[in-house]
Amino acid sequence: MAENEKKSAAELLKEELVYQTKNSGEVLSDKELEKADLFCEGYKSFLNMAKTEREAVDTTIAIAREKGYREFDPRVLYKAGDKIYYNNRGKALILTTMGTEPLENGVRIIASHIDAPRIDLKPRPLYEEAQLGLLKTHYYGGIKKYQWTAIPLALHGVIVRRDGEAVNVAIGEREEDPVFTITDLLPHLGKDQMQRKLDDGVRGEELNVLVGGRPFRDDKASERVKLNLLRLLNEKYGVVEADFLSAELTMVPAFKAQDLGFDRSFIGAYGHDDRVCAYTSIMAALNNPKPAATTVTVLADKEETGSEGPTGLSSDFLRFFIEDLAAPHGVAARTVFRNSKCMSADVNAAFDPTFPDVHEKNNAAYVNRGVVVTKYTGSRGKGGTNDASAEYVAFIRSLLDNAKVQWQAGELGKVDFGGGGTVAKYISSLGVETVDVGVAVLSMHAPYEVCSKADVYTAYRAFDAFYK
Ligand code: MN
Ligand code: MN
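Source: prediction; values computed, not measured.

Visitor: How should I be thinking about the overall build of the chain in this particular structure?
Guide: Helix and strand counts for the chain stand at 12 helices and 21 strands. Since a compact globule built from 468 residues should have a radius of gyration of about 23 Å, the 24 Å found for the chain is in line with a globular shape. Taken over the C-alpha atoms alone, the chain extends approximately 85 × 60 × 45 Å along its principal axes. The contacts of the chain with a sequence gap of at least 6 include a subset with a gap of at least 24, amounting to 75%. Carbon together with sulfur atoms contributes 51% to the accessible area of the chain, which is approximately 22800 Å² in total. Separation of charge centres in the chain, based on 59 positive and 68 negative side chains, amounts to 2 Å.

Next up, the structure:
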């Protein structure tokens, strides 16, 4: 509608009273969309460098150190503008910028996770069958197993030898590298398999990775393909078979992050969940070197398996970090937490028109409609959810509106369908006001997930406003 065209009474009243969401292509200016595209170039290279939580930690530390962040020392009394990072075992990370306000006024926490669903190797993975070298796996996180067959996979991780020496592994990322794959049955012989339920179409014990097939030249020993593979691994990494026992090796999709769509409005990549919130919150932290409230950017591990373990947020690593940070100031951690605010930064399931039945349209999250504020997750009676208070959602709402950040409310699927949780409940258990904020993702937990560039940039703007 042209500006000089007169709006009808109904149109005016609708504008005033009715809540509407719009496509970011209509809301953002050309200049803002350009900024979004540019911002996503950095995000794509982060995705390519950080395919595991360990790589995400290493990549983030390198970026942060360049901006003046230094390793946390609990004996130091940090002052406004000081920048520190706490590295939790190379698998989780906290970035903190000290604010001008005292710690007892509380901190601003943005907590995302840097682990993603993938195919972990078993402790004793390597075997030979029919002269094929194969690896046994135990998948990590919630996946649709059939999606992980017949795609190129890269091997990432670390092997810690008996002498304690850690060997980093990344094969399948460079142009000249080989890749690996989980084989699947051809349709011609898949008659029985195709009768299985989709959930059971490919079974956990059928996720076996093909890694070689050329035997060691010798007529005597058996399993010479396996032997030859062990020889190659020994030559390259100095490891023996028993070293697999003390390793964290994982198969991840070998794809690179890429523009998607004729209009390039999307990014297709492995691991948007939840590196999209990790990257955008890291960038927001770096963009606020002199915040009022101290910023605490948490990159957690193990979210996809229930946040357990010392690098997951159900452990006390965040609580102890704040305790150590506040102690030299003579402030108790509980005082800090009581006055703190948190954005639990995680993705939400985007409405997919091909599968509309699982969403309730009015409360679903949509790609290209801005960052998603999810008041509660959980399902069937809000089971296991943080459920942010009306007061806190109002605070977030006005924060985003004042900063002109496009946002939408979202729910994770229909009442009796939905599911899934985030780290929100672990942060709120510390007495911190918490709400879920993040990016809507299509094909979540698939080897190749999709999100919108405008949404990525909008998430960054939301986190930036929270830290301002
Ligand atoms: Mn997830
Ligand atoms: Mn997630």
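There is more to say after this.
Visitor: Can you help me understand the side chain of Lys-145 in this one?
Guide: Within the secondary structure, Lys-145 is located in the loop between strand E6 (132–140) and strand E7 (153–160). An unpaired buried charge is present at Lys-145: no salt bridge exists, and Asp-199, the closest side chain of opposite charge, is 4.3 Å distant. With residues near it in sequence (within four places) discarded, Lys-145 still touches Tyr-139, Asp-199, Val-202, Arg-203, Gly-204 and Leu-207.

Visitor: Which parts of the structure should I look at to understand the coordination of the manganese ion (ligand 2)?
Guide: Geometry sets the ideal angles at a metal, namely 109.5 degrees for four tetrahedral donors and 90 or 180 degrees for six octahedral donors. Each protein donor to the manganese ion (ligand 2) is listed here as His-113 (NE2), Asp-273 (OD), Asp-346 (OD) and Asp-346 (OD); together their distances run 2.1 to 2.6 Å. Between the two metals, the manganese ion (ligand 2) and the manganese ion (ligand 1), the spacing is 3.2 Å, and Asp-273 donates to both. Pair noted here: His-113 is in strand E4 (residues 108–113) and Asp-346 is in the loop between strand E15 (341–345) and strand E16 (348–349), with a separation of 233 residues, a long-range link. An identical accessibility class is assigned to His-113 and Asp-346; each is buried.

Visitor: I would appreciate a short explanation of the sheet that holds strand E11 (residues 247–253) in the present structure.
Guide: Paired through their backbone hydrogen bonds, the strands of a sheet run either parallel or antiparallel. Across the sheet, which stays open at both edges, the 7 strands sit in the order E8-E7-E11-E5-E6-E10-E9 with antiparallel pairing between neighbours. Looking at which strands have only one partner, the edges of the open sheet turn out to be strand E8 (166–171) and strand E9 (181–182). The sheet contact formed by strand E5 (residues 118–129) and E6 spans 8 bridges and is antiparallel. Within E6, the position partnered with Leu-121 by the bridge is Thr-137. Lying over the sheet, helix H6 (residues 224–237) contacts E5, E6, E8 and strand E10 (209–212), oriented at roughly 125 degrees with respect to E5.

Visitor: Mind showing me how you'd approach the side chain of Glu-411 here?
Guide: Following the sequence through the fold, Glu-411 ends up in the loop between strand E18 (407–409) and helix H11 (424–428). One buried charge, Glu-411, has no salt-bridge partner; the nearest side chain with opposite charge is Lys-382, at 7.4 Å. Of the polar contacts made by the side chain of Glu-411, one reaches the side chain of Tyr-376; its length is 2.7 Å. Residues contacting Glu-411, with those up to four places away along its chain left out, are Asn-348, Glu-360, Asn-363, Ala-364 and Tyr-376.

Visitor: Looking at this model, I keep getting lost on a nonpolar patch on the surface. Mind explaining?
Guide: A surface patch of nonpolar side chains, about 280 Å² in accessible area, is lined by Leu-13, Leu-17 and Val-18. In this fold, Leu-13 is placed in helix H1 (residues 9–17). Under the relative-accessibility criterion, Leu-13 is labelled partly exposed at 47%.

Visitor: Would you mind showing me how to read the packing of helix H3 (residues 30–49) against helix H7 (residues 272–286) here?
Guide: For any two helices packed against each other, one specifies the crossing angle of their axes together with the interaxial distance. Contact geometry of H3 with H7 gives a least axis separation of 10 Å together with a crossing angle of 125 degrees. As the angle between them shows, H3 and H7 are arranged oblique. Note on packing geometry: the crossing formed by H3 with H7 is right-handed. Across the interface between the two elements, Phe-39, Gly-42, Tyr-43, Phe-46 and Leu-47 from H3 touch His-272, Arg-275, Val-276, Tyr-279, Thr-280, Ile-282 and Met-283 from H7.

Visitor: I'm lost on the pattern of salt bridges in this one. Help?
Guide: Under the definition given, this model contains 29 salt bridges. Arg-118 is the partner of Glu-53 in a salt bridge, and the nearest nitrogen-oxygen pair spans 2.8 Å. With Glu-53 in helix H4 (residues 53–66) and Arg-118 in strand E5, this residue pair connects regions lying 65 residues apart in the sequence. With respect to burial, Glu-53 and Arg-118 carry one shared label: buried. One salt bridge connects Arg-174 with Asp-177, and the closest N-O pair in it is separated by 3.0 Å.

Here is what the cut-offs are and how they apply
- Residues numbered from 1 in each chain as written.
- Chains lettered and ligands numbered in written order.
- Predicted model: local features only at pLDDT ≥ 70, side-chain atom pairs only at ≥ 80, totals over all residues.
- Heavy atoms only, no water.
- Helix = DSSP H or I, 4+ residues; strand = E, 2+ residues; numbered from the N terminus.
- Rg over C-alpha atoms; globule rule 2.2 N^0.38 Å.
- Contact = heavy atoms within 4.5 Å.
- Areas by Shrake-Rupley, 256 points an atom, 1.4 Å probe, with all protein chains shown as cover.
- Lys, Arg positive; Asp, Glu negative; His and termini not counted.
- Charge placed at Lys NZ, Arg CZ, Asp CG, Glu CD.
- Buried < 20%, exposed > 50% of the residue type's maximum accessible area, 1.4 Å probe, protein only.
- Salt bridge = Lys/Arg side-chain N within 4 Å of Asp/Glu carboxyl O.
- Donors = N, O, S within 2.8 Å, 3.2 Å for Na, K, Ca; no water.
- Pairing = 2+ DSSP bridges.
- Axes fitted to C-alpha atoms, helices over the stretch in contact; angles between N-to-C directions.
- Polar contact = N/O pair within 3.5 Å; in protein donor to acceptor, adjacent residues only side chain to side chain.
- Patch = residues over 30% accessible without salt bridge, like charges linked within 9 Å, V, L, I, M, F, W, Y side chains within 5 Å.
- Parallel < 35°, antiparallel > 145°, perpendicular 65-115°, else oblique.
- Left-handed = near helix turned anticlockwise from the far one by under 90°.

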